[in-house]
Amino acid sequence: MKKSKIWRIKGFEGKFSDEEIIELIRRGEIKPDYCLSTKDMKKWIKLSDSIYQFYLEEEIEK
């Protein structure tokens, strides 16, 4: 099954799938204050305010 690449990360080239964003968080390549968006969103949101905040908390607990 093809991974849906719908997310953009401000300052990064290309689009990312959910799995790719989670991996970037786990590797420490993107931080809570980085911003995400999709073509349907009208503005950027911080990673810490997104559905990915769970993965950020997981990294803090380690």
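The structure this text deals with has already been given above.
Now for a description of the structure that goes with this document. These numbers were taken from a predicted model, which means no experiment stands behind them.

**As for the overall build of the protein**
Across its full length, the protein holds two helices and four strands. Taken from the N to the C terminus, the helices and strands of the protein come in the order β-β-α-β-β-α. The buried share of the protein, reckoned over its 62 residues, is 27%. Contacts in the protein between residues far apart in sequence, at least 24 positions, make up 38% of those at least 6 positions apart.

**Topic: the packing of aromatic side chains**
Summed over the entire model, instances satisfying the criterion amount to five aromatic pairs. With 6.5 Å between their ring centres and 40° between their planes, Tyr-52 and Tyr-55 make a pair best called tilted. For Tyr-52, a relative accessible area of 2% gives the class buried. The exposure class of Tyr-55 is partly exposed, given its relative accessible area of 21%. A network of ring pairs unites the aromatic residues Trp-7, Tyr-52, Phe-54 and Tyr-55 as a single cluster.

How each quantity is defined
In every chain, residue numbers begin from 1 and rise along the written sequence. Since the coordinates come from a predicted model, pLDDT governs what is reported: local features require at least 70, and pairs of side-chain atoms require 80 or more to be given and counted, while whole-chain, interface and lining totals use all residues. The side-chain values count all of the structure's non-hydrogen atoms but skip hydrogen atoms and water molecules. Each helix is a run of H or I in the DSSP string that is no shorter than four residues. Each strand is a run of E no shorter than two, and both are numbered from the N terminus. Think of it in three bands: with a 1.4 Å probe and only protein chains considered, a residue is buried below 20% of the maximum accessible area for its type, exposed above 50%, and partly exposed in between. In this analysis, two residues are considered to be in contact whenever any of their non-hydrogen atoms come within 4.5 Å of each other. Under the pairing criterion, centres of Phe, Tyr and Trp rings, with the six-membered ring standing for Trp, must be within 6.5 Å; the plane angle then separates stacked pairs below 30 degrees from edge-to-face pairs above 60, leaving the rest tilted.

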